[in-house]
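Examining the three-dimensional arrangement
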Amino acid sequence: MTRHDPVLTTRLEIQRLSPELVASAARLPTATLHEAAGKVGALPSAIKPMAPGFRFAGSALTVHSPGGDNLWLHRALDVARPGDVLVVFASGAHEHGYWGEIMTTMAKVRGLAGLVIDGCVRDGVLLGEIGFPVFARGLCIQGTGKDFGAIGWINHPVIIGNVVVNAGDLVVGDFDGVVAIPQARAAEVIAAGEKREAEEAAILRLLEAGESTMAVYGWN
């Protein structure tokens, strides 16, 4: 069997977001960031948190994995840094449990911020107990392989749904879903999101005082 050298398709050095920007993004709802960005960046709605309290924000470490194989996820874990979010495209092969208790434990110990995978995972109850944020299409017990000859990519662009995610992009997940914002726009979108939240807080006060949405938004 011919082995693929992962060094050939792995980028180790990427530009990450500042901790301050990530902290600001973590305080904003994903829907707010999506709207503030001009209604872009929403990953497929099928990708949901595997436990109700899961939430994360961080810089994307992208993984393009062969379908039905999780060796490249293990390789990504080995090069990830604290605060990274693994963003995994599994070549459209959703019906496999690519991730479970073992990988979750390693990711948590190493200080990663979360996992987003366009596929399924396993060990659902344990994922909730461990507390590391995992966002996936669902749970699946079908096993994966480890093909050392298969080619994958780490920190190259991936497409999830209709969203292109590049290494270092801002990725935020909460109960509603996941949004990815290009790194170059992160500061601008966060500022717009904070402004939007302040405006909505003012609108809520008017509604609580008895106003109608038709009047508040000027739709009469």
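Our structure's up above, just so we're on the same page.
Residues numbered from 1 in each chain as written. Predicted model: local features only at pLDDT ≥ 70, side-chain atom pairs only at ≥ 80, totals over all residues. Heavy atoms only, no water.

Before going further, it helps to examine the pattern of salt bridges. Evaluation of the coordinates by the stated rule reveals 11 salt bridges. Across the pair R122 and D123 runs a salt bridge whose closest N-O atoms are separated by 3.6 Å. Taking relative accessible area as the criterion, R122 reaches 40% and is therefore assigned partly exposed. Salt bridges here are not isolated pairs; linked through shared partners, they connect E35, K39, R196 and E200. (Salt bridge = Lys/Arg side-chain N within 4 Å of Asp/Glu carboxyl O. Buried < 20%, exposed > 50% of the residue type's maximum accessible area, 1.4 Å probe, protein only.)

Within helix 4 (residues 101-109) the residues assigned to the buried category are M103, T104 and A107. Seen along its axis, helix 4 keeps its buried residues to an arc of 100°; they face one direction. In this structure, helix 4 carries I102 and V109 as exposed residues pointing more than 90 degrees from its buried face. As for helix 4, its buried residues are in contact with helix 3 (71-79), helix 5 (124-130) and strand 6 (134-136). G111 lies just past helix 4 and shows a positive phi near 80°. (Helix = DSSP H or I, 4+ residues; strand = E, 2+ residues; numbered from the N terminus. Arc of directions from axis to C-beta. Contact = heavy atoms within 4.5 Å.)

Further remarks concern the environment of A57. Looking at where A57 falls in the secondary structure, it is placed in strand 2 (residues 56-64). A relative accessible area of 11% means that A57 is categorised as buried. Through-space distance from the C-alpha of A57 to that of S24 is 9.2 Å; in sequence the pair is 33 residues apart. Discounting residues that sit within four places of it in the chain, A57 has contacts with V22, A26, G83, V85, A113, V171 and V172.

Glancing now at the side chain of D174. Relative to the assigned elements, D174 resides in strand 11 (residues 170-174). Residue classification places D174 among the buried positions, given a relative accessible area of 8%. Side chain to side chain, D174 and R55 meet in a polar contact 3.2 Å long. Once you skip the residues sitting within four places of it in the chain, D174 turns out to touch P29, T30, P49, F54, R55 and F135. (Polar contact = N/O pair within 3.5 Å; in protein donor to acceptor, adjacent residues only side chain to side chain.)

It is worth spelling out the packing of aromatic side chains at this point. Counted under the stated rule, the structure contains 3 aromatic pairs. Between W99 and F132 the ring centres are 6.3 Å apart and the planes differ by 20°, which places this aromatic pair in the stacked class. Of this pair, W99 sits in the loop between strand 3 (84-89) and helix 4 while F132 sits in the loop between helix 5 and strand 6, placing them 33 residues apart in sequence. Take W99 and F132: they sit in the same class, and that class is buried. (Phe/Tyr/Trp six-rings, centres within 6.5 Å; stacked < 30°, edge-to-face > 60°.)

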